Amino acid sequence: MNILITNDDGIYSPGIAALARIAKQFGTVKIVAPDVEQSSMGHAITHSRPLSYRRAPITFEDIEAFRVNGTPADCVALGLHMFPDTQVVLSGINMGPNLGNSMWHSGTLAAAKQATLLGVTGIALSTPVGKTEPDFEGLSAWTRDVLKILIEDKEPALYNVNFPDQPQGIAWTRQSVRLYDGRVVSGEDPMGRENYWITVVPLEPADKGTDRWAVEHNLVSITPLRLDLTAHDELAERVKREQS
Ligand code: MN
């Protein structure tokens, strides 16, 4: 199994090192990841300037690693060009959850989406960060279990995985959809000029069976996703109305 790993926290994040160590047990791993943090970049791609990569001056044991001056989606496009025999792309482990609404702006998930768009299974993995760093050692057995379930997919598929701090099980979930949980808060810079922060505020408890619900209940959430955003029910309804 040929595995490509990327993330949106940047190649020096402890999350990508933890993921690489576990992925190595499943096959040959290459790392192609952003040279600096690209969190919340969503599915941005770089088209107005050239991309380049350098060998990262770190060694993940014997794993080849490359840092790219681009976005997570760029890294997957470039990584699949460099390593065309890649069979699965893993993105993460992100330092911060990617649940519900945050799927829309997540760079971690966008990297997995880019893989699926290019015909390769993409798996995004994330975990919350509290006052202390995530316990990647404690999550390693769970990460291994999740990869065992998802990595052998024959059809190119897309999965969003979120680990709670201390998992007690695994749940298949759907995306929690609520009105946007971001808020604009105004502040002031040291020169007295007004500025703004986009913040994410916690929502009401999530519905049972959703990704947020699972993580709130200490379950590893696995959400199978699709690329098709079409509202199929409405489409069918509108086509039917037009015909009658
Ligand atoms: Mn991130």
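All of the points below concern the structure found in this document. (Residues numbered from 1 in each chain as written. Predicted model: local features only at pLDDT ≥ 70, side-chain atom pairs only at ≥ 80, totals over all residues. Heavy atoms only, no water.)

## Quick look at the overall build of the protein chain
Line of reasoning, step 1. Broken down by element type, the protein chain carries six helices and 11 strands.
Line of reasoning, step 2. Radius of gyration (C-alpha) of the protein chain: 19 Å, near the 18 Å computed for a compact globule of 244 residues.
Line of reasoning, step 3. Looking at the protein chain as a whole, 46% of its 244 residues are labelled buried.
Line of reasoning, step 4. Across the protein chain, the fraction of contacts at a sequence separation of at least 24, relative to all contacts at a separation of at least 6, is 74%. (Helix = DSSP H or I, 4+ residues; strand = E, 2+ residues; numbered from the N terminus. Rg over C-alpha atoms; globule rule 2.2 N^0.38 Å. Buried < 20%, exposed > 50% of the residue type's maximum accessible area, 1.4 Å probe, protein only. Contact = heavy atoms within 4.5 Å.)

## Quick look at the coordination of the manganese ion
Line of reasoning, step 1. Binding of the manganese ion to the protein goes through Asp 8 (OD), Asp 9 (OD), Ser 39 (OG) and Asn 94 (OD1), at separations of 2.0 to 2.2 Å.
Line of reasoning, step 2. Within one chain, the residues serving as donors to the manganese ion are arranged as D-D-x29-S-x54-N. Separated by 30 residues along the polypeptide, Asp 9 in the loop between β1 (2-6) and α1 (14-23) and Ser 39 in the loop between β2 (28-34) and β3 (53-55) bring together distant segments of the chain. (Donors = N, O, S within 2.8 Å, 3.2 Å for Na, K, Ca; no water.)

## A short note on the sheet that holds strand β7 (residues 158-162)
Line of reasoning, step 1. Strand order in the open sheet formed by nine strands is β3-β4-β2-β1-β5-β6-β7-β11-β8, and the pairing between neighbours is mixed. In this open sheet, the two strands that pair with only one neighbour each are β3 and β8 (169-172). Taken pair by pair, the neighbouring strands of this sheet meet at an average axis angle of 20°, ignoring direction.
Line of reasoning, step 2. Taken together, the five bridges between β7 and strand β11 (residues 219-225) define a ladder with antiparallel strand orientation. Within β11, the residue paired with Tyr 159 across the bridge is Pro 224.
Line of reasoning, step 3. Against the sheet, helix α3 (residues 107-117) makes contact with β1, β5 (88-95), β6 (121-127), β7 and β11, and its axis sits at roughly 170° relative to β6, the strand it touches most. (Pairing = 2+ DSSP bridges. Axes fitted to C-alpha atoms, helices over the stretch in contact; angles between N-to-C directions.)

## A word on the packing of aromatic side chains
Line of reasoning, step 1. Scanning the model with the defined rule gives three aromatic pairs in all.
Line of reasoning, step 2. Relative to Phe 66, the ring of Tyr 53 lies with its centre 5.5 Å away and its plane at 85°, an arrangement referred to as edge-to-face. With Tyr 53 in strand β3 and Phe 66 in strand β4 (residues 64-68), this pair connects stretches of sequence that are 13 residues apart.
Line of reasoning, step 3. The exposure class assigned to Phe 66 is buried, which follows from its relative accessible area of 6%.
Line of reasoning, step 4. Residues Tyr 159 and Trp 172 carry aromatic rings whose centres are separated by 6.4 Å and whose planes lie at 70° to one another, so their mutual orientation is edge-to-face. Note that Tyr 159 is positioned in strand β7 and Trp 172 in strand β8, a separation of 13 residues in sequence.
Line of reasoning, step 5. One aromatic cluster is present, built from ring pairs that chain together Tyr 53, Phe 66 and Phe 83. (Phe/Tyr/Trp six-rings, centres within 6.5 Å; stacked < 30°, edge-to-face > 60°.)

## Remarks on the packing of helix α2 (residues 72-82) against α3
Line of reasoning, step 1. Contact geometry for α2 and α3: axes closest at 7 Å, N-to-C directions at 30°. The angle between the axes of α2 and α3 places the two elements in the roughly parallel class. Crossing angle aside, the handedness with which α2 passes α3 is right-handed. On the side of α2, the interface is formed by Pro 72, Ala 73, Val 76, Ala 77 and Leu 80, while α3 contributes Gly 107, Ala 111, Gln 114 and Ala 115.
Line of reasoning, step 2. Per-class residue counts for the contact of α2 with α3 are seven nonpolar, two polar and no charged. (Parallel < 35°, antiparallel > 145°, perpendicular 65-115°, else oblique. Left-handed = near helix turned anticlockwise from the far one by under 90°. Nonpolar A, V, L, I, M, F, W, Y, C, P; charged D, E, K, R; others polar.)

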